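Residue-level listing of the chains:
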Amino acid sequence: MPRPISITVDLDAIRQNFAYANALGVNASESSANGHQSNTLAVIKADAYGHGAVATARALDGKAALLAVSSIEEAVSLRQHHIKTSILLLEGCFCPSELSVVNELNLQIVIHNQKQIEDVLAQVLAKPINIWLKIDTGMHRLGIPVSEALRAYTQLVSSKNVRSVMLMTHFATSDQPEHPLLLSQIESIQKLAEKVSAQPSYAGCSLANSAALLATPKSISTWNRPGIMLYGISPFNQSDISALPLIPAMTFCSKVIALRRVATGESVGYGAAWTAKRPSVIATVAAGYGDGYPRTAKSGTPVMINGQIAPLAGRVSMDMLCVDVTQLIDISEGSPVELWGKNIPVNDVATWADTLGYELVTRMPTRAKRVFINE
Ligand SMILES: Cc1ncc(COP(=O)(O)O)c(C=O)c1O
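Predicted model only: the values in this text are computed from it and were never measured. (Residues numbered from 1 in each chain as written. Predicted model: local features only at pLDDT ≥ 70, side-chain atom pairs only at ≥ 80, totals over all residues. Heavy atoms only, no water.)

Caption draft 1: Examining the nonpolar core more closely. In terms of nonpolar packing, the biggest core is built from 114 residues, with Ile44, Ile109, Leu133, Leu167, Tyr293, Ile305 and Trp340 touching the most fellow members. Once residues within four sequence positions are removed from consideration, leucine 133 is found in contact with Ile111, Ile144, Ala149, Ala152, Tyr153, Leu156, Val165, Met166, Leu167 and Met168. Counting seven residues, the second-largest nonpolar core is a separate cluster that includes Val262, Val268, Ala276 and Cys322. (Core = buried A, V, L, I, M, F, W, Y, C linked by side-chain atoms within 4.5 Å. Buried < 20%, exposed > 50% of the residue type's maximum accessible area, 1.4 Å probe, protein only. Contact = heavy atoms within 4.5 Å.)

Caption draft 2: The site of the ligand, seen in detail. Around the ligand there are 14 residues in total, and Lys45, Tyr49, Ser210, Gly227 and Tyr358 lie nearest to it. Here isoleucine 228 contributes a backbone N or O atom positioned 2.9 Å from an oxygen atom of the ligand. Taken together, the residues that form the shell around the ligand break down as six nonpolar, four polar and four charged. (Near = heavy atom within 4 Å. Polar contact = N/O pair within 3.5 Å; in protein donor to acceptor, adjacent residues only side chain to side chain. Nonpolar A, V, L, I, M, F, W, Y, C, P; charged D, E, K, R; others polar.)

Caption draft 3: Region of interest: the UniProt feature "modified residue: N6-(pyridoxal phosphate)lysine" (unreviewed entry) in the protein. Within this structure's numbering, the places UniProt gives as "modified residue: N6-(pyridoxal phosphate)lysine" (unreviewed entry) are Lys45. The topology assignment puts lysine 45 in helix H2 (residues 45-50). Contacts of lysine 45, omitting those with residues within four sequence positions, involve Ala68, Val69, Ser70, Glu74 and Leu90. (UniProt positions renumbered as here; feature names shortened; annotations may be inferred. Helix = DSSP H or I, 4+ residues; strand = E, 2+ residues; numbered from the N terminus.)

Caption draft 4: Spatial organisation of helix H4 (residues 72-80). Taken together, the buried positions of H4 are Ile72, Ala75, Leu78 and Arg79. With its buried residues spanning 120° around the axis, H4 presents them on a single face. Among the exposed residues of H4, those pointing more than 90 degrees away from its buried face are Glu73 and Gln80. On the buried face of H4, the contacting elements are helix H3 (53-59), strand E4 (66-69), strand E5 (86-89), helix H5 (98-104) and strand E6 (107-111). Trailing H4 by a residue or two, histidine 82 shows a phi angle of about 65°, which is positive. (Arc of directions from axis to C-beta.)

Caption draft 5: Main features of the pairing of strand E7 (residues 129-136). For E7, the tally of buried residues reaches eight of eight residues, placing the bulk of the element in the interior. Burial along E7 is two-sided: the residues Ile129, Ile131, Leu133 and Ile135 and Asn130, Trp132, Lys134 and Asp136 are all buried. Relative to E7, E6 runs parallel, the two being bridged by three bridges. Its bridge partner being in E7, isoleucine 109 is matched across the sheet by isoleucine 131. (Pairing = 2+ DSSP bridges.)

Caption draft 6: Quick peek at a nonpolar patch on the surface. The grouping of Met1, Ile257 and Met320 at the surface amounts to a nonpolar patch, some 300 Å² of accessible area in total. Here isoleucine 257 shows up in strand E12 (residues 250-262). Of the residues examined, isoleucine 257 reaches a relative accessible area of 34% and is grouped as partly exposed. (Patch = residues over 30% accessible without salt bridge, like charges linked within 9 Å, V, L, I, M, F, W, Y side chains within 5 Å. Areas by Shrake-Rupley, 256 points an atom, 1.4 Å probe, with all protein chains shown as cover. Salt bridge = Lys/Arg side-chain N within 4 Å of Asp/Glu carboxyl O.)

Caption draft 7: Spotlight on the packing of aromatic side chains. Scanning the entire structure with this criterion turns up five aromatic pairs. On the numbers, 4.9 Å between centres and 70° between planes, the contact of phenylalanine 252 with tryptophan 340 is edge-to-face. Residue phenylalanine 252 is found in strand E12, and its partner tryptophan 340 is found in strand E19 (residues 336-340); the two are separated by 88 residues along the sequence. There is no split in this pair, since phenylalanine 252 and tryptophan 340 are both buried. For the pair tyrosine 293 and tryptophan 340, a centre-to-centre distance of 6.2 Å together with 20° between the ring planes defines the contact as stacked. (Phe/Tyr/Trp six-rings, centres within 6.5 Å; stacked < 30°, edge-to-face > 60°.)

Caption draft 8: View of the state of the cysteines. Using the criterion set out here, one finds zero disulfides in the structure. For cysteine 95, which is in no disulfide, the shortest distance to another cysteine sulfur is to cysteine 93 and amounts to 7.5 Å. With relative accessibility at 31%, the residue cysteine 95 sits in the partly exposed group. (Disulfide = S-S within 2.5 Å.)

Caption draft 9: Representation of the packing of helix H6 (residues 114-122) against helix H7 (residues 146-157) within the structure. Where H6 meets H7, the axes come as close as 10 Å, and the angle between the chain directions of the two elements is 15°. Overall, the two elements H6 and H7 adopt an arrangement that is roughly parallel. Seen from above, H6 lies across H7 with left-handed handedness. The residues of H7 that touch H6, namely those facing Gln114, Ile117 and Leu121, are Arg151, Ala152, Gln155 and Leu156. (Axes fitted to C-alpha atoms, helices over the stretch in contact; angles between N-to-C directions. Parallel < 35°, antiparallel > 145°, perpendicular 65-115°, else oblique. Left-handed = near helix turned anticlockwise from the far one by under 90°.)

Caption draft 10: Geometry of the UniProt feature "domain: Alanine racemase C-terminal" (unreviewed entry) in the protein. Per the UniProt record, the feature "domain: Alanine racemase C-terminal" (unreviewed entry) sits at residues 249-373. In residues 249-373, helix accounts for 10% and strand for 35%; the two terminal C-alpha atoms are 10 Å from one another.

Caption draft 11: Spotlight on the domain arrangement of the protein. Examined at the domain level, the protein breaks down into domain 1 (12-233) and domain 2 (250-373). In this structure, domain 1 and domain 2 have C-alpha centres spaced 38 Å apart. Contacts between the two partners involve nine residues from domain 1, matched on the other side by nine residues from domain 2. The interface formed by domain 1 and domain 2 contains zero salt bridges. Taken together, the connections running from domain 1 to domain 2 amount to one residue pair in polar contact (both at pLDDT 80 or more). Of the residues forming the side of domain 1 that touches domain 2, the biggest block, three residues, is contributed by H2. The residue makeup of the side of domain 1 that touches domain 2, split by class, is five nonpolar, three polar and one charged. (Domains from an automatic or database assignment.)

Below is the structure:
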């Protein structure tokens, strides 16, 4: 048999997760006092968090009216694959020469600093652009300071190169809905929106990522920007997502390629980091950190073999890992293994590896081909 590793991406799961995200926005806007429509874009940067940006964009064709990526290269790749949906560049242009490509490919751009404003004002563009003006309301990573926001807004709307301006901010603590910084960021952008909302070029406000959309209804605004939840992963790093109607899209599978008995006191794997406390049965699985399984996952991390859960035993190698299957029944060479997916939440593995589900799925190497199902 070929090396049995597989990474399956369920595109219908992504479609259903998007529909749920979209419904959260629509329902919140219908019940809000102002009744303004709320829209939901799909964040598919970093190859759709490792799930495949082109396949995800195709799956959401006709469902998501706007896609968001990090760079012009990511947008160009989507256009080269005939994706026609509007695209937003979340970090805007990295140099002024990208503005002509923005025009050519019909992109919308974030502007997060004064240099990017000046670049837009200095050019003669073929068509005016839709701008998302990113305001730093407290994350202190990117964005125009609140004290300079009105001036930046006025500068932009006075340019023929600008069709509309959306106010935007990004939250530092949206996974902690009661955090005072989250509430102060929302207030800050809302105050600013009140000051400019009567202007003709004002397009609205964009605040909520996945966590805010799920847990902070008052952050729901003109455009919501969920990413991680579209892939069926909780932004709260919960392992149990049964509380959320999200369907994990990525399943990381392999097979048992060897089985052996080890006596009490014998060790398993590099560094002899795991030692049998009783006569044990060890299954060797064809998956390692070269395939995207985290090397930092500790002994005890759950692995599903032939429908049963067993603990990882010892250090993860580049191409293999070992599992203590002493307690399991019906295990043989060739038994199917789920490393994460619909049964083992990726956030569970992430917790055992001191990281987040975000990181594990996004950094999956291309060594194992993605297999797309339910297109
Ligand atoms: C500006 C911006 N908006 C939205 C998102 C989506 O966030 P999440 O994946 O937590 O939903 C990100 C992700 O990093 C982002 O940088």
